[in-house]
Amino acid sequence: QVQLVESGGGLVQSGGSLRLSCAASGSTLSIKSMGWYRQAPGKQRDMVAEISSGGSTDYADSVKGRFTISRDNAKNTVYLQMNSLKAEDAAVYYCNARQIWDLAMVNAWGQGTQVTVSS
């Protein structure tokens, strides 16, 4: 299974920007899509952005126009450029990879990186 390591989180003021990175290693073959999810304390983990192996993207309505997901295939790395950050964007952001494993779809998760937005 693929291993994922996130980086780039930190403290930013409202209206500021951050760029998250997710480096994939290990069994990177058969990855169907990768994405970013976030989870605030006491809340469920929600999808923020996804990018398929073919390059198509999808975003949560709350981040459309502000966040951009991209990938660097040569580096096996996925990025999340976050602009115009709001207080409600504060959460732990997790990198996700979906891949076929033993004929089933399997989710791999990174350890998460904290994004804090000050008002």
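Scroll up for the structure.
The present account deals with the structure reproduced in this document. Everything numeric here is computed off the predicted structure, so don't read it as measured data. (Residues numbered from 1 in each chain as written. Predicted model: local features only at pLDDT ≥ 70, side-chain atom pairs only at ≥ 80, totals over all residues. Heavy atoms only, no water.)

**Structural notes on the state of the cysteines**
Under the definition given, this model contains one disulfide. One disulfide bridge connects C22 with C95, the sulfur atoms lying 2.0 Å from each other. Its S-S torsion of about -85 degrees marks the bond between C22 and C95 as left-handed, since a negative value means left-handed. With C22 in strand 3 (residues 18–26) and C95 in strand 9 (residues 91–101), this residue pair connects regions lying 73 residues apart in the sequence. Assessed through its relative accessible area of 0%, C95 is described here as buried. (Disulfide = S-S within 2.5 Å. Helix = DSSP H or I, 4+ residues; strand = E, 2+ residues; numbered from the N terminus. Buried < 20%, exposed > 50% of the residue type's maximum accessible area, 1.4 Å probe, protein only.)

**As for the packing of aromatic side chains**
In total, this model carries one aromatic pair according to the counting rule given. Residues Y37 and W109 carry aromatic rings whose centres are separated by 5.0 Å and whose planes lie at 80 degrees to one another, so their mutual orientation is edge-to-face. Linking Y37 in strand 4 (residues 31–39) with W109 in strand 10 (residues 104–109), this pair joins segments that are 72 residues apart in sequence. Given the relative accessible area of 8%, Y37 is considered buried. Residue class for W109 comes out partly exposed when judged on its relative accessible area of 35%. Over the ring of Y79 we find R19; its NZ or CZ atom is 3.9 Å from the centre of that ring. For R45, the ring lying beneath its charged end belongs to Y94, and the centroid distance is 3.7 Å. (Phe/Tyr/Trp six-rings, centres within 6.5 Å; stacked < 30°, edge-to-face > 60°. Lys NZ or Arg CZ within 6 Å of the ring centre and 35° of its normal.)

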